[in-house]
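Residue-level listing of the chains:
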Amino acid sequence: MRILVTGGAGYVGSHCVRRLVADGHAVTVFDNLEYGHQQAVTPPAEFVVGDLSDPDALARALAPGFDAVMHFAGYTNVGESVAEPLKYYRGNVTNTTNLLDAIRTAGVRRLVFSSTCAVFGVPERLPISEDLPKAPINPYGATKLVVEWMLRDSAASWGLGSMALRYFNACGAAEDASIGEDHTPETHLIPIVLQVALGQRPHVQVFGNDYPTPDGSCVRDYIHVDDLAEVHLRAVTSIEPGTADALNVGTGRGYSVLEVIQAARDVTGHSIPVVIGPRRPGDPPSLYADPTRVRQRFNWRHQHDDLRGVIASAWRWHQSHPRGYRS
Ligand code: UDP
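The rules we used
- Residues numbered from 1 in each chain as written.
- Predicted model: local features only at pLDDT ≥ 70, side-chain atom pairs only at ≥ 80, totals over all residues.
- Heavy atoms only, no water.
- Helix = DSSP H or I, 4+ residues; strand = E, 2+ residues; numbered from the N terminus.
- Contact = heavy atoms within 4.5 Å.
- Buried < 20%, exposed > 50% of the residue type's maximum accessible area, 1.4 Å probe, protein only.
- Pairing = 2+ DSSP bridges.
- Disulfide = S-S within 2.5 Å.
- Salt bridge = Lys/Arg side-chain N within 4 Å of Asp/Glu carboxyl O.

Peer 1: Give me the side chain of S115: which residues, what numbers.
Peer 2: Checked against the element boundaries, S115 lands in strand β5 (residues 110–116). Dropping the residues within four chain positions of it, S115 is found in contact with K144, E148, A164, L165, R166 and Y167.

As structure tokens, this is what we get:
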């Protein structure tokens, strides 16, 4: 297939591009490099610098003709979204409106969208199955839910086929450590913990230890980025035009922040000092997936089942790239 990948120079996008290229697809990455890294794009994928706020750039990028679009580009930080909600509505909703206009004009009928478990807010039960109420408690989750609605309505009105993949917590790096996670500033738990192990930070701050969870810290479902990439590959090759579906993509198992830190101590041999801080606004106590539907739909199961193994893959990336792609 010929596939345009927005945000393909970012963390999850770049691992998906690598998987698509390995499978023989013709990939073009469209990325504004605000957070992405051109070195993260696996050849022979083509690279176009462009911004989703620019309809002309989008039309030019789509002009060669594509069978599908994968849409990763967007803002992803829960805490920042609480402080800067309009940045998130503009970046995640308005820009996706531009993208949908352009792909409609270009005649593309298949889209895979990066959604999030944050659309559920504080779920009324665990694990989180697709049918639970969508009630985001932060602007990040709200913007992703609005896009899911746009996709549903676009399927009905002009025949777009789409699959929204609601990621739980993406983590890890390519097995050969050629690409990995590099955010500036870094806000995600596992990279921060590994920066402590590298001596780049004195400690990790745990955002709250008074949650209603077994050890008081937040519980999340950490899924390896290469497992996510495999789901994207299966999604893009199976979308039917005119349908809009949404799947929860996680491992089905939750780990607390303190368990993640202990696993990182085991992997790195570093003591990783901890400071207990206040709760981070917008954080639900526990999020982990019911992966039944995604498993059935794609005959898929995550391969990276061991949290230590997942952290070890991230650790190889961080050790070989202590300053990320600038290393
Ligand atoms: N977290 C933390 N300290 C940090 C960064 C994150 O305690 O320095 C917690 C955060 O509150 C959440 C979990 O780790 O419960 C995962 O956060 P992350 O930002 O990695 O992903 P998110 O769940 O926001 O997508």
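Peer 1: Account for the environment of C117, naming residues and giving values.
Peer 2: The topology assignment puts C117 in the loop between β5 and α5 (139–158). C117 sits 48 residues away from L165 along the chain, and the two C-alpha atoms are 9.0 Å apart. Once residues within four sequence positions are removed from consideration, C117 is found in contact with R166, Y167, F168 and L287.

Peer 1: Can you lay out the pairing of β5 for me, pointing to particular residues and giving the numbers?
Peer 2: Here β5 lies mainly inside the structure; six of its seven residues are buried. Of the strand pairs in this sheet, strand β4 (residues 68–71) and β5 are connected by three bridges, and their pairing is parallel. Residue H71 lies in a different strand from β5, and its bridge partner there is F113. In the sheet, β5 pairs with strand β6 (residues 161–167) via seven bridges, with the strands oriented parallel.

Peer 1: Explain the state of the cysteines to me, using residue names and the numbers behind them.
Peer 2: Under the criterion given, the structure shown has zero disulfides. Take C218: it sits in no disulfide, and the sulfur closest to it among the cysteines is that of C117, at 12 Å.

Peer 1: Which residues make up the pattern of salt bridges, and what are the values?
Peer 2: All told, the structure shown has 14 salt bridges when counted by the stated rule. Put simply, R166 and E148 hold a salt bridge, and the shortest N to O gap is 2.8 Å. One end of the pair, R166, is in strand β6; the other, E148, is in helix α5, and 18 residues separate them in sequence. For the pair shown, R166 and E148 are each scored as buried. With a closest N to O distance of 2.8 Å, D266 and R308 form a salt bridge. Here R308 lies in helix α10 (residues 307–320) and D266 lies in helix α8 (residues 257–268), a separation of 42 residues in the sequence.

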